[in-house]
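Breakdown of the fold
Now for the letters of each chain:
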Amino acid sequence: QGQLVESGGGLVQAGGSLRLSCAASGLTFSTYTMGWFRQAPGKEREFVAAISRSGINTYSADSVKGRFTISRDNAKNTVYLQMNSLKPEDTAVYYCASGRGYGGRRVTDFGSWGQGTQVSISS
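First, a word on what this report is: a plain description of the structure on this page.

1. Quick word on the overall build of the chain
A tally of helices and strands in the chain yields zero helices and eleven strands. Its helices and strands in sequence order give the chain the pattern β-β-β-β-β-β-β-β-β-β-β, from N to C terminus. Relative to its length of 123 residues, the chain is compact, with a C-alpha radius of gyration of 13 Å against a globular reference of 14 Å. Expressed as lengths along the three principal axes of its C-alpha atoms, the size of the chain is roughly 40 × 30 × 25 Å. Residues classed as buried in the chain amount to 44% of the 123 residues present. Considering only residue pairs separated by 6 or more positions, the chain has 59% of its internal contacts joining residues 24 or more positions apart. Just so you have it, the chain exposes about 6,100 Å², and 45% of that area is on carbon and sulfur atoms. Across the chain, the 13 positively charged side chains and the 8 negatively charged ones have centroids separated by 5 Å.

2. Details of the environment of Ser-71
By the secondary structure assignment, Ser-71 is in strand β7 (residues 68-73). On the basis of relative accessibility, which here comes to 32%, the residue Ser-71 falls in the partly exposed class. C-alpha of Ser-71 to C-alpha of Ser-54: the two residues are 17 residues apart in sequence and 10.0 Å apart in space. Discounting residues that sit within four places of it in the chain, Ser-71 has contacts with Ile-51, Val-79 and Tyr-80.

3. Some thoughts on the packing of aromatic side chains
The full count for this structure, using the stated rule, is five aromatic pairs. Members of the aromatic cluster, connected to one another through ring pairs, are Phe-37, Phe-47, Tyr-59, Tyr-102, Phe-110 and Trp-113. Note that Arg-45 overlies the ring of Tyr-95, its terminal NZ or CZ placed 3.7 Å from the centroid. Looking at Arg-72, its charged tip hangs above the ring of Phe-29, at a distance of 4.4 Å from the centre.

Rules and cut-offs
Residues numbered from 1 in each chain as written. Predicted model: local features only at pLDDT ≥ 70, side-chain atom pairs only at ≥ 80, totals over all residues. Heavy atoms only, no water. Helix = DSSP H or I, 4+ residues; strand = E, 2+ residues; numbered from the N terminus. Rg over C-alpha atoms; globule rule 2.2 N^0.38 Å. Buried < 20%, exposed > 50% of the residue type's maximum accessible area, 1.4 Å probe, protein only. Contact = heavy atoms within 4.5 Å. Areas by Shrake-Rupley, 256 points an atom, 1.4 Å probe, with all protein chains shown as cover. Lys, Arg positive; Asp, Glu negative; His and termini not counted. Charge placed at Lys NZ, Arg CZ, Asp CG, Glu CD. Phe/Tyr/Trp six-rings, centres within 6.5 Å; stacked < 30°, edge-to-face > 60°. Lys NZ or Arg CZ within 6 Å of the ring centre and 35° of its normal.

Shown next as structure tokens:
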């Protein structure tokens, strides 16, 4: 299943930007759809964005469209989440995950998970 390690979280003011990274090891990275999810305190884990194996196709949650961009570098076994125009409601632990199929938005569509990175947005 491999290992996924997120980084890049932190505390920023509303309107600011962050770029999250997720480094993969122990799996054939280019054969997996990669996704980002987030979980705020007291809430269920929710889908944020995902990217196809080649990196050509992406899809995202309506709440982040136009603000967040997912990308990947298969040569570096890394997936990124560029987050702009951040809002306090974006505060959550952000997780990356790997999945076999494309188009899934459910937690169960993804098999391996990182440990998460905290993103906190102050108003």
